[in-house]
Amino acid sequence: MGAAETNGDLSFTARPALPTAQAGRRNLSRELVDSLAHLIATQHWRPGDKLPTEAQIVRQFQVSRTVVREALSRLQAAGLVATRHGIGTFVLEPRPATMFRLDPAELETSFEVLAVLELRISLETETAGLAAARRSDAHLLAMRAALDAFDDNVVRAESTVDPDFRFHQEIAEATGNRYFAEIINYLGTTILPRTRLPSSRLPADQLRQYLQRVNREHEQIFDAIARRDTDFARAAMRIHLTNSRERLRRAQEVS
């Protein structure tokens, strides 16, 4: 029976609750991905079904909210689910085996993320230009909300990954071309360079400065889109993603 029919019921016996001891967060995330993917593969949740809330998954599998978010991001990158902000996460129709796909297991190292960043530079540079030409006031409000959420999370020392990704999603939506939005959603948060940077090793003040620099780059993109300056929007996006690539490359060299 699908989740849509059970109101998010997680009463199943196919997979036991995950262990929370003697395993790192990344191992827990992989275990949770395997368990949730198994439920999708066995049609406990069918295409179109809404997954249980983060809080429900936390309780059932006895893991942290951070682990749940990482697992859902991996499932999104694998093309198994899609998240609609403010609504929930839904199971997608299975993709044909011949279609391009990114296996989350192949994105375990920052080297693979660098390769995907090259793809993003070419893709999102044009996305920003089209968004500048086609955006509406509603699109600008959504982008502004994502940037404000980013700043708020920096102040509260909370994760900025979700608002960062949402900002890029909103730019893709503003193109009016659903394929740009779909491929950004498909890539998911797991390919954001910051998820591969050893930010946890940075002192709090240095991490705050780093995140503020990232969002200043976002602000330049936003300002260009707001002005409908297509050339500057493309240039600002290219600079932002190129800087992201170089930050990741430098982190590789010192790790």
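Whatever comes next refers back to the structure up there.
Below is a summary of the structure that appears in this document.

What counts as what
- Residues numbered from 1 in each chain as written.
- Predicted model: local features only at pLDDT ≥ 70, side-chain atom pairs only at ≥ 80, totals over all residues.
- Heavy atoms only, no water.
- Core = buried A, V, L, I, M, F, W, Y, C linked by side-chain atoms within 4.5 Å.
- Buried < 20%, exposed > 50% of the residue type's maximum accessible area, 1.4 Å probe, protein only.
- Helix = DSSP H or I, 4+ residues; strand = E, 2+ residues; numbered from the N terminus.
- Contact = heavy atoms within 4.5 Å.
- 1 Å grid on protein atoms, 1.4 Å probe; cavity = no way out; pocket = protein on both sides within 12 Å on 5 of 7 lines; lining within 4 Å.
- Points joined across faces, edges and corners; volume = space filled by probe spheres on them.
- Pairing = 2+ DSSP bridges.
- Phe/Tyr/Trp six-rings, centres within 6.5 Å; stacked < 30°, edge-to-face > 60°.
- Lys NZ or Arg CZ within 6 Å of the ring centre and 35° of its normal.
- Axes fitted to C-alpha atoms, helices over the stretch in contact; angles between N-to-C directions.
- Parallel < 35°, antiparallel > 145°, perpendicular 65-115°, else oblique.
- Nonpolar A, V, L, I, M, F, W, Y, C, P; charged D, E, K, R; others polar.
- Expected span 1.5 Å × (residues − 1).
- Arc of directions from axis to C-beta.
- Salt bridge = Lys/Arg side-chain N within 4 Å of Asp/Glu carboxyl O.
- Polar contact = N/O pair within 3.5 Å; in protein donor to acceptor, adjacent residues only side chain to side chain.

1. Topic: the nonpolar core
The tendency in soluble globular proteins is for nonpolar side chains to be buried as a group.
Phase 1 of the analysis: Counting residues in each nonpolar core, the largest one holds 22 residues, and the members touching the most others are Met143, Phe167, Ile171, Ile221 and Ile225.
Phase 2 of the analysis: Going through the elements one at a time, helix H5 (110-134), helix H6 (137-155), helix H7 (161-174), helix H9 (204-226) and helix H10 (230-254) are the ones with two or more residues in this core.
Phase 3 of the analysis: Of the residues forming this core, the biggest block, six residues, is contributed by H5.
Phase 4 of the analysis: Sequence-distant contacts of isoleucine 225, that is, excluding residues within four places in its chain, are made with Ala128, Ala131, Ala132, Arg135, Leu140, Met143, Ile171 and Ala233.
Phase 5 of the analysis: Grouped together as the second largest cluster of nonpolar side chains are 18 residues, Leu28, Trp45, Leu51 and Val91 included.

2. Focus: the layout of surface pockets
Phase 1 of the analysis: For the second largest pocket, the calculated volume is near 490 Å³.
Phase 2 of the analysis: Residue lining of the second largest pocket: 20 residues in total, with Glu54, Leu72, Thr83, His85 and Thr89 positioned closest to the centre.
Phase 3 of the analysis: Residue contributions to the lining of the second largest pocket peak at four residues, all from helix H4 (residues 65-77).

3. Here's the deal with the environment of proline 47
Phase 1 of the analysis: Relative to the helices and strands, proline 47 is located in the loop between helix H2 (25-41) and helix H3 (54-61).
Phase 2 of the analysis: Classification of proline 47 as partly exposed rests on a relative accessible area of 33%.
Phase 3 of the analysis: For the pair proline 47 and valine 81, spaced 34 residues apart in sequence, the C-alpha to C-alpha distance is 8.7 Å.

4. A look at the environment of alanine 172
Phase 1 of the analysis: With respect to the element layout, alanine 172 can be found in helix H7.
Phase 2 of the analysis: Sequence-wise, alanine 172 and alanine 131 are 41 residues apart; in three dimensions their C-alpha atoms are separated by 7.0 Å.
Phase 3 of the analysis: Those residues in contact with alanine 172 that lie beyond four places of it in its chain are Thr127, Asn177, Phe180, Ala181 and Ile184.

5. Observations regarding the pairing of strand E2 (residues 88-91)
Phase 1 of the analysis: Neither face of E2 is exposed, since Gly88 and Phe90 on one face and Thr89 and Val91 on the opposite face are all buried.
Phase 2 of the analysis: Pairing of strand E1 (residues 81-84) with E2, which is carried by four bridges, proceeds in the antiparallel orientation. Note on E2: the bridge partner recorded for threonine 83 is threonine 89.

6. What about the packing of aromatic side chains?
Phase 1 of the analysis: Here the structure, examined in full by the defined rule, presents zero aromatic pairs.
Phase 2 of the analysis: Taking NZ or CZ as reference, arginine 84 lies 4.2 Å from the ring centre of phenylalanine 90, over its face.

7. Quick notes on the packing of H6 against H9
Phase 1 of the analysis: Here H6 crosses H9 at 170 degrees, and the two axes come no closer than 10 Å. With respect to H9, the element H6 is oriented roughly antiparallel. Along the contact surface, H6 presents Leu140, Met143, Arg144, Leu147, Phe150, Asp151 and Val154, while H9 presents Arg208, Leu211, Gln212, Val214, Asn215, His218, Glu219, Phe222, Ile225 and Ala226.
Phase 2 of the analysis: Across the contact of H6 with H9, the residue classes break down as ten nonpolar, three polar and four charged.

8. So, H6
Phase 1 of the analysis: Taking 1.5 Å per residue, 19 residues should reach 27 Å; H6 reaches 27 Å between its end C-alpha atoms and fits that length.
Phase 2 of the analysis: Among the residues of H6, those classed as buried are Leu140, Met143, Ala146, Leu147, Phe150, Asn153 and Val154. For H6, the angular spread of buried residues about the axis comes to 155 degrees, placing them on one side. In this structure, H6 carries Asp137, Ala138, Leu141 and Val155 as exposed residues pointing more than 90 degrees from its buried face.
Phase 3 of the analysis: Buried residues in H6 make contact with H7 and H9.
Phase 4 of the analysis: Downstream of H6 by one or two residues, alanine 157 has phi in the positive range, about 60 degrees.

9. Looking at the pattern of salt bridges
Phase 1 of the analysis: For the coordinates displayed, the defined rule picks out twelve salt bridges.
Phase 2 of the analysis: Between arginine 135 and aspartate 137 there is a salt bridge whose closest N-O contact spans 3.3 Å.
Phase 3 of the analysis: Each of Glu54, Arg65 and Arg69 takes part in a single network of salt bridges with overlapping partners.

10. Things to note about the side chain of glutamine 169
Phase 1 of the analysis: Residue position: glutamine 169 is located in helix H7.
Phase 2 of the analysis: For glutamine 169, the side chain forms a polar contact with the side chain of asparagine 185, separated by 2.4 Å.
Phase 3 of the analysis: Every residue in contact with glutamine 169, bar those within four places of it in the chain, is listed here: His85, Ile184 and Asn185.

11. Observations concerning unusual backbone geometry
Phase 1 of the analysis: Of note in the backbone geometry, glutamine 43 takes a positive phi value of approximately 65 degrees without being a glycine.
Phase 2 of the analysis: With respect to the secondary-structure elements, glutamine 43 resides in the loop between H2 and H3.
Phase 3 of the analysis: Glutamine 43 sits in the partly exposed class, given a relative accessible area of 45%.
Phase 4 of the analysis: Of note in the backbone geometry, arginine 228 takes a positive phi value of approximately 60 degrees without being a glycine.
Phase 5 of the analysis: With respect to the helices and strands, arginine 228 occurs in the loop between H9 and H10.
Phase 6 of the analysis: The exposure class assigned to arginine 228 is partly exposed, which follows from its relative accessible area of 43%.

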